[in-house]
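Read off the chains here:
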Amino acid sequence: MVEALTVSEVYRVCPEEAFSFEVTSELASLDLLSGHDRAREALDFGTAIRSDGFNLFVLGQPGHGMHGLVGCYLEERSRDKPAPPDWGYLYNFEDPSEPLYLQLPPGLGRQVRSDIDALADELRGAIPAVFESEEYQNRLQELKQAMGERQRDAIEAVRREAREQGILLLSTPNGFTFAPADDDKMMSPEEYEKLPKEERERIEHTVEILQRKLTQTIRRMPKLAKALRDQVTGLNEEVLQTAIGSPLAELEERYAEQPGVLAHLTAIREAILQHVDSFISDEPEIPPEAVFSRFYLNLLVDNAETEGAPVIYQDLPGHQHLVGRIEHHVHNGTLLTDFSLIRAGALHRANGGYLVLDVRGLLTQPGAWETLKRILRAGEIRTESLEQAYGLISTVGLEPQSIPLDVKIVLLGERLLYYLLCEHDPEFLELFKVQVDLEDELPRSEANLSLYAQMVATLAREAALRPLDRSGVAATIERASRLADDQQRLTARHRDLSDLLQEADHWAAMEEAAVITRAHVETAVSHQLYRAGRLRERSHEQITRGTVMIATEGRVVGQVNGLSVLALGDFAFGQPTRITATARPGAGQVVDIEREARLGGRLHTKAVMILSRYLAGRYAPDQPLSLSASLAFEQSYGGIEGDSASVAEACALISAIGRVGLDQAFAITGSINQHGEVQAVGGVNEKVEGFFDVCRARGELSGQAVILPAANVEHLMLKAEVREAMADGRFRLFAVRHLDEALELLVGEALGEPDDAGRFPAESVNGRVQARLAAFGEALKAARGRGGGDNKEEGGDHE
């Protein structure tokens, strides 16, 4: 008979003597990636290699605190890297719809922006001043006077020639006209008619010649006006050069090694000279302020105070948050934009460093995943709206020059998302070639105890908590084993540990204690379980009140207490479930009622098939199994999945066939294979504690017990109440390796061993089962001999 487990086998205590410190404040801080050697090596490799596509995907569960782990590593890694350049956008004087990017050494962007702002302010006052100066006005007046004199001289030349011919050149409101002269006066029409015909013909001929000369002279006037404008333009440029030459020359000398700045200063000079009218006209087509607004630098990224490479975490990785956006302002009911309204995105700020993104958030933002892939493939950042990227709008807008990309993308996400992307996105592995897989658990070895104590000390120090004494650290390590559901492992999920320490610190503060002790940690754990335990209590209450039928004493044929786990969020609890079986003659089929009702999952269906084959091989190896049996989870109204009840189902079925009562003080969990070997299952701690709670709620414990797989013993980390009841003999645990061991415990007697012919002793449990199956076979033969009426009935039992 299998012996009950001892208390030391169901809980691994952490000895306080293993620690050499008194309180954790004596311990040095620990790199929280300690123990994650595989992940650290992947991070080292991924951040060092510069080839395209070697971006990183960090795999882990939410409780790992991936942001903190990866963020601290990247901050440390980037500290020795050079700061990346500043980035900005400039007005494109040749094509305003395509602003030009400007790359500058880190910190220089701020200086360039300040110098250009100062230049604009200086020119805003200097240019009007030179045009209003007395010197300029005098020179302009001289040019106009000289041009006026040239125009008058040309007209006077025609006038003198006409006077010599006895003809006057007169000015009228409609222009110039010629008339015959009478001394210094215009000849009257009457006097002109009295002149001889020859004289009149001479005058008319002369007037024609003079008219042509006058016309030619007048036609030369626009050329003279153009010459005047050219002279004025030359004067304006000369005057402007005196105003802008010195400030621009100073900046050109200062930024002689920055070709982008020099090109912009040259464009500024040309723009000022091109738009002279803006500074001298009363109502210019382009106001002076509009000209000055084109000079400024839109500094997107200022790395003046950046130490090392930037590490940027974008918590909402939408399209615009990644690539930036182009803003608009309303003017007279119209949306307008220009280069100064371009805003940086996370990729701009992280350029030259690291960009950390949550993959779940990235995948849920419209278009963000495709945008990131497109940018990584192109190696440049293109700032555009989602509508522009997908061609959903055709309005004219800005298309800023794309900025070269040099960034490492670090995605954080669950393993499921990683494998789904591998399966369904063929480009994923081309762009994210480095897999950083964090450990879920760490080995609980003697050597690792001090390491884990340092980790606990570091978490407490980072959260500004009280230090822990040795008992507090021991309790935390024991809780870490329970969270890992393994005596040989410790959870590596820092967030769970940090939450536990913060709650323990709270209870220490309530007691005004200087350090966190075991009592505070255990209080924190009990309150965590209590806050999440409402549904567990209500579920167990239904059993206690008899609403859900569970027997914990007596013997019943074809009935056993199975154990199940209900997981709700991050809280799970166990509870017993009544499993029943029936048996009658039939064609060798075991009907899974849960499956027939479409409540059973595929794994459960597989488990039922395995146990039916085990029964056939065990009790009818050389003949057909004449059995029609059924299995059901009583009062179960939800889905059933998994194989952890297959040992219980096999026991119930054998009990029903052999008409052997099973002890209801036992609950059982475990999976079997076709050879009857009991295999490990999950959730054993919750299952044991769930049955214990139900039995205790019904009254005084009287030796109730749980049967579980021997392979699960090292996974046990049971709560103190269960261990106390075990120590007093009021509650027991049995670990089995074969179905026969479980049956012996349930029936309370030996099962019987087969002889050389495979026959079991007649009075043994196995003998009774074998005899009953043989009787089923005879009954089936008799029914068929009577005409097969029962055959049709039996056919209904087929799955």
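Residues numbered from 1 in each chain as written. Predicted model: local features only at pLDDT ≥ 70, side-chain atom pairs only at ≥ 80, totals over all residues. Heavy atoms only, no water.

Visitor: Just give me the short version of the overall build of the protein, but keep the residues and values in it.
Guide: Scanning the protein from terminus to terminus reveals 30 helices and 30 strands. The globule rule puts the C-alpha radius of gyration for 799 residues at 28 Å, and the 48 Å found for the protein is more than 25% above it. Considering only C-alpha atoms, the protein reaches an extent of 170 × 80 × 45 Å along its principal axes. Here the contacts in the protein between residues at least 6 apart in sequence split such that 75% fall between residues at least 24 apart. About 39,300 Å² of surface is accessible on the protein, with carbon and sulfur atoms providing 49% of the total. Counting 83 positive and 126 negative side-chain charges, the protein places the centres of these two groups 4 Å from one another. (Helix = DSSP H or I, 4+ residues; strand = E, 2+ residues; numbered from the N terminus. Rg over C-alpha atoms; globule rule 2.2 N^0.38 Å. Contact = heavy atoms within 4.5 Å. Areas by Shrake-Rupley, 256 points an atom, 1.4 Å probe, with all protein chains shown as cover. Lys, Arg positive; Asp, Glu negative; His and termini not counted. Charge placed at Lys NZ, Arg CZ, Asp CG, Glu CD.)

Visitor: Give me the lowdown on the sheet that holds strand E30 (residues 731-736), citing residues and values where you can.
Guide: Spatial strand order, E23-E24-E22-E21-E26-E29-E30: seven strands in an open sheet with mixed pairing. Here the strands that pair on one side only, and so sit at the sheet edges, are strand E23 (589-592) and E30. Looking at each pair of strands side by side, their axes are set apart by 30 degrees on average, direction ignored. With ten bridges connecting them, strand E21 (residues 559-568) and strand E22 (residues 571-584) associate as antiparallel partners. Residue valine 565 lies in a different strand from E22, and its bridge partner there is glycine 574. Against the sheet, helix H26 (residues 684-697) engages E21, E22, strand E26 (666-668), strand E29 (704-709) and E30, with an angle of about 80 degrees to E22. (Pairing = 2+ DSSP bridges. Axes fitted to C-alpha atoms, helices over the stretch in contact; angles between N-to-C directions.)

Visitor: Talk me through the sheet that holds strand E2 (residues 86-90); I want residue IDs and the actual numbers.
Guide: Strand order in this open sheet of three strands is E3-E2-E7, and the pairing throughout is antiparallel. Looking along the sheet, the strands with just one partner apiece sit at the ends: strand E3 (100-104) and strand E7 (298-301). Between one strand and the next, the sheet's axes are offset by a mean angle of 30 degrees, whatever the strand orientation. Across five bridges, the pairing between E2 and E3 is antiparallel. When the sheet's bridge partners are listed, tyrosine 89 is paired in E3 with tyrosine 101.

Visitor: Would you mind going over the packing of aromatic side chains in detail, with residue names and values included?
Guide: In the structure shown here, the tally under the stated rule is 19 aromatic pairs. Judged by centre distance (6.0 Å) and plane angle (65 degrees), the rings of tyrosine 91 and phenylalanine 339 are edge-to-face. Here tyrosine 91, found in the loop between E2 and E3, pairs with phenylalanine 339, found in the loop between strand E11 (334-336) and strand E12 (342-343); they are 248 residues apart in sequence, far enough to count as distant. The burial state of tyrosine 91 is the same as that of phenylalanine 339; both residues are buried. Measuring from ring centre to ring centre gives 5.7 Å for phenylalanine 428 and phenylalanine 432, while their planes differ by 25 degrees; the resulting arrangement is stacked. Neither residue differs from the other here; phenylalanine 428 and phenylalanine 432 are each classed as buried. Put simply, the rings of Phe57, Trp369, Tyr418, Tyr419, Phe428 and Phe432 pair up and form one aromatic cluster. Lying over the aromatic face of phenylalanine 292, arginine 124 brings its terminal NZ or CZ to 5.1 Å of the ring centre. Positioned over the ring face of tyrosine 11 is arginine 723, at 3.7 Å from the centre of the ring. (Phe/Tyr/Trp six-rings, centres within 6.5 Å; stacked < 30°, edge-to-face > 60°. Buried < 20%, exposed > 50% of the residue type's maximum accessible area, 1.4 Å probe, protein only. Lys NZ or Arg CZ within 6 Å of the ring centre and 35° of its normal.)

Visitor: Let's hear about the nonpolar core: which residues, and what values?
Guide: With 54 residues, the main nonpolar core has Phe19, Val58, Val410, Val436, Tyr452, Met455 and Ile477 as its most contacted residues. For this core, the leading source of residues is helix H18 (residues 446-462), giving eight residues. Contact partners of isoleucine 477, with chain neighbours within four places excluded, come to Cys14, Phe19, Arg444, Leu449, Tyr452 and Leu490. Leu611, Ala705, Leu745 and Leu751 belong to the second largest nonpolar core, which has 51 residues in total. (Core = buried A, V, L, I, M, F, W, Y, C linked by side-chain atoms within 4.5 Å.)

Visitor: Got a sec to walk through the environment of serine 539? Specific residues and values, please.
Guide: Assignment of secondary structure puts serine 539 in helix H22 (residues 534-544). Linking serine 539 and proline 288, residues 251 residues apart in sequence, is a C-alpha distance of 79 Å. The residues contacting serine 539, other than those within four sequence positions of it, are Phe573 and Gln575.

Visitor: Just give me the short version of the side chain of glutamine 258, but keep the residues and values in it.
Guide: Within the secondary structure, glutamine 258 sits in the loop between helix H7 (197-254) and helix H8 (259-274). For glutamine 258, the residues in contact, after removing those within four places along its chain, are Gln103, Leu104, Pro105 and Leu108.

Visitor: Tell me about the pattern of salt bridges, and please be specific about residues and values.
Guide: This structure, assessed with the given rule, holds 42 salt bridges. Notably, a salt bridge pairs arginine 489 with glutamate 441, separated by 3.6 Å at the nearest N-O pair. Taken together, the residues arginine 489 in strand E19 (residues 489-491) and glutamate 441 in strand E18 (residues 441-443) connect sequence positions 48 residues apart. Taken together, the shared-partner salt bridges in this structure form one network comprising Glu370, Lys373, Arg377, Asp425 and Glu427. (Salt bridge = Lys/Arg side-chain N within 4 Å of Asp/Glu carboxyl O.)

Visitor: Tell me what's going on with the packing of helix H19 (residues 470-484) against helix H21 (residues 518-532), and back it up with residues and numbers.
Guide: Put simply, H19 and H21 touch, their axes get as near as 7 Å, and they point 35 degrees apart. Residues Ser471, Gly472, Ala474, Ala475, Thr476, Glu478 and Arg479 of H19 pack against Arg518, Val521, Val525, Gln528 and Leu529 of H21. When grouped by side-chain class, the residues that make up the contact of H19 with H21 number five nonpolar, four polar and three charged. (Nonpolar A, V, L, I, M, F, W, Y, C, P; charged D, E, K, R; others polar.)

Visitor: Describe the confidence of the model for the protein, and please don't skip the residues or the numbers.
Guide: Taken over all residues, the pLDDT of the protein has a mean of 88, while the share at 70 or more is 96%. Confidence drops under a pLDDT of 50 for residues 789-799, and excluding neighbours within four residues, the segment shows 22 contacts in the predicted structure. (pLDDT = per-residue confidence, 0-100.)

Visitor: So what about helix H27 (residues 720-727)? Which residues, and what values?
Guide: Val722, Arg723, Ala725 and Met726 are the residues of H27 that are buried. What you see down the axis of H27 is that its buried residues fit within an arc of 160 degrees, all on one side. Where H27 is buried, its residues meet helix H1 (7-10), H26 and E30. (Arc of directions from axis to C-beta.)

Visitor: Give me the pairing of strand E24 (residues 628-633): which residues, what numbers.
Guide: Counting buried positions along E24 yields six of six residues, so the element is predominantly enclosed. Across the two faces of E24 the burial is the same, with Ser628, Ser630 and Ala632 and Ala629, Leu631 and Phe633 all buried. One ladder, built from six bridges, connects E22 with E24; its direction is antiparallel. Bridging across to E24, threonine 580 finds its partner in alanine 632. The sheet contact formed by E23 and E24 spans four bridges and is parallel. Note on E24: the bridge partner recorded for valine 590 is alanine 629.

Visitor: I'd like to hear about the packing of helix H25 (residues 646-658) against helix H29 (residues 765-785), residue by residue, with values.
Guide: Taken N-terminus to C-terminus, the directions of H25 and H29 make an angle of 65 degrees; their axes are 8 Å apart at the nearest point. Here H25 is positioned roughly perpendicular relative to H29, judged by the angle of their axes. Crossing geometry of H25 relative to H29 is assigned as left-handed. Within the contact between the two elements, H25 uses Ile654, Ala656, Ile657 and Gly658 and H29 uses Arg768, Val769, Arg772 and Leu773. Tallied by class, the residues present in the contact of H25 with H29 amount to five nonpolar, one polar and two charged. (Parallel < 35°, antiparallel > 145°, perpendicular 65-115°, else oblique. Left-handed = near helix turned anticlockwise from the far one by under 90°.)

Visitor: Now, about unusual backbone geometry: what can you tell me, with residues and values included?
Guide: With a phi angle near 55 degrees, aspartate 485 is a residue other than glycine that sits in the positive phi range. Within the secondary structure layout, aspartate 485 lies in the loop between H19 and E19. Positive phi outside glycine occurs at glutamate 512, with the angle close to 60 degrees. Here glutamate 512 is to be found in the loop between helix H20 (494-510) and H21.

Visitor: For a negative patch on the surface, give the residues involved together with the corresponding values.
Guide: A contiguous patch of negative charge, built from Glu94, Asp95, Glu98, Glu270 and Glu399, is present on the exposed surface. Topologically, aspartate 95 is positioned in the loop between E2 and E3. (Patch = residues over 30% accessible without salt bridge, like charges linked within 9 Å, V, L, I, M, F, W, Y side chains within 5 Å.)

Visitor: Provide a residue-level description of the environment of glutamate 156, including the pertinent values.
Guide: The topology assignment puts glutamate 156 in helix H5 (residues 134-164). In this structure glutamate 156 comes out as partly exposed when scored by relative accessible area, which is 30%. Separated by 13 residues in sequence, glutamate 156 and leucine 169 place their C-alpha atoms 9.1 Å apart.

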